[in-house]
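# Descriptive analysis of the structure
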Amino acid sequence: MGEPSRLADAEVEARLVRLDSLLERVEQVAGPTADAAREAVRGLTELYGEALARVRDLAGPDVTARLTGDQLLDHLLVLHGLHPEPVERRVAAAVDRIAEVLRRRGATVELVGIEGSVASVRLTTKGCGGSSSGLEEAVREAVLAAAPELSDVRRVAERAASAFVPLESLLPAAAPAARPA
């Protein structure tokens, strides 16, 4: 008997989207059958979460670090509250990764902070604002992929350009000293 076939990341993503759609449909239905379906999903989720916790505990820190390198396992560790890295560290790493890509496009991004379930970032772009919406969405996707427990990523205002004006330029020009005749 051979090894079961594995799903590529794109196939996993497609199945997650499909599952989300099905779960939304179940949530909209009332009645005992829908209640039983929701309870079955919750029970399976708890049981699989416990199994994943046991795998993580048996694996130790080296293997756990490798598990977090897999997109699906990383997401499941977050979902079950088992991820070894705190949300702040995962978001900071995601911002650092996307910052390199943005630099090549003439933009910068920095993590301002996380408050509750919302991350705040400062995205600075050059040129027209139309191109920044795509960059903003890329930042949002990168952050939420690293920390799906967050509900939003908000862009805060760019820092104002320095408006330093030398004091001498504000003072009236000194009249030249009168020369004796």
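Going by the structure above, here's the rest.
Definitions and cut-offs
- Residues numbered from 1 in each chain as written.
- Predicted model: local features only at pLDDT ≥ 70, side-chain atom pairs only at ≥ 80, totals over all residues.
- Heavy atoms only, no water.
- Patch = residues over 30% accessible without salt bridge, like charges linked within 9 Å, V, L, I, M, F, W, Y side chains within 5 Å.
- Areas by Shrake-Rupley, 256 points an atom, 1.4 Å probe, with all protein chains shown as cover.
- Salt bridge = Lys/Arg side-chain N within 4 Å of Asp/Glu carboxyl O.
- Lys, Arg positive; Asp, Glu negative; His and termini not counted.
- Charge placed at Lys NZ, Arg CZ, Asp CG, Glu CD.
- Helix = DSSP H or I, 4+ residues; strand = E, 2+ residues; numbered from the N terminus.
- Expected span 1.5 Å × (residues − 1).
- Buried < 20%, exposed > 50% of the residue type's maximum accessible area, 1.4 Å probe, protein only.
- Arc of directions from axis to C-beta.
- Contact = heavy atoms within 4.5 Å.
- Polar contact = N/O pair within 3.5 Å; in protein donor to acceptor, adjacent residues only side chain to side chain.
- Pairing = 2+ DSSP bridges.
- Axes fitted to C-alpha atoms, helices over the stretch in contact; angles between N-to-C directions.
- Left-handed = near helix turned anticlockwise from the far one by under 90°.
- Nonpolar A, V, L, I, M, F, W, Y, C, P; charged D, E, K, R; others polar.
- Core = buried A, V, L, I, M, F, W, Y, C linked by side-chain atoms within 4.5 Å.

Once that is clear, we can look at a negative patch on the surface. A cluster of acidic residues, Asp9, Glu13, Asp20, Glu24 and Asp70, forms a negative patch on the protein surface. Mapped onto the fold, Glu13 is located in helix α1 (residues 9-28).

What follows concerns the pattern of salt bridges. Per the stated rule, a full pass over the model turns up 12 salt bridges. Across the pair Asp35 and Arg38 runs a salt bridge whose closest N-O atoms are separated by 2.5 Å. Of this pair, Asp35 and Arg38 both sit in helix α2 (residues 32-67), three residues apart, which is roughly one turn of that helix. Taken together, the salt bridges that share partners define one network made up of Glu136, Glu137, Arg140, Asp152, Arg154 and Arg155.

Under the 1.5 Å per step criterion, the end-to-end length of helix α5 (residues 132-146) is 21 Å for 15 residues, consistent within 8% with the ideal 21 Å. For α5, every residue scored as buried is listed here: Ser132, Leu135, Val139, Val143 and Ala146. Projected onto a plane normal to the axis of α5, the buried residues spread over an arc of 70 degrees and lie on a single side. For α5, the elements touching its buried residues are α3 (71-79), α4 (87-104), β1 (108-115), β2 (118-124) and β3 (152-156).

Moving on to the side chain of Arg38. Among the residues examined, Arg38 registers a relative accessible area of 14% and is labelled buried. Side-chain polar atoms of Arg38 contact the backbone oxygen of Val26, separated by 2.7 Å. In contact with Arg38, other than residues within four places in its own chain, are Val26, Glu27 and Val29.

What follows concerns the pairing of β1. The sheet contact formed by β1 and β2 spans seven bridges and is antiparallel. In the strand pairing of β2, Ile114 is matched with Ala119. The antiparallel pairing of β1 with β2 creates a hairpin that spans two residues between the two strands, and Gly116 there sits at a positive phi of about 65 degrees.

Before going further, it helps to examine the packing of α4 against α5. Where α4 meets α5, the axes come as close as 8 Å, and the angle between the chain directions of the two elements is 150 degrees. By crossing handedness, the relation of α4 to α5 is classed as right-handed. Packed against α4, whose contacting residues are Arg90, Val91, Ala94, Val95, Arg97, Ile98 and Leu102, the element α5 presents Leu135, Ala138, Val139, Ala142, Val143 and Ala146 at the interface. For the contact of α4 with α5, the class distribution of residues is 11 nonpolar, no polar and two charged.

Right, let's talk about the sheet that holds β2 for a bit. A sheet is described by the order of its strands in space; here three strands give the open sequence β1-β2-β3, paired in mixed fashion. Two strands in the sheet have a free side with no partner beyond their single neighbour: β1 and β3. If you compare each strand with its neighbour and ignore which way they point, the axes differ by 30 degrees on average. Strands β1 and β2 of the sheet are contacted by α4, whose axis makes an angle of about 165 degrees with β1. Along the sheet, α5 makes contact with β1, β2 and β3, crossing β3 at roughly 140 degrees.

Counting residues in hydrophobic clusters, the biggest one holds 17 residues, and the most contacted among them are Val91, Leu102, Val109, Val139, Val143 and Leu150. Of all the elements in the fold, those that place two or more residues in this core are α4, β2 and α5. The element contributing the most residues to this core is α4, with six residues. What Val139 contacts, discounting residues up to four positions off in sequence, is Ile98, Leu102, Val109, Val121 and Leu123.

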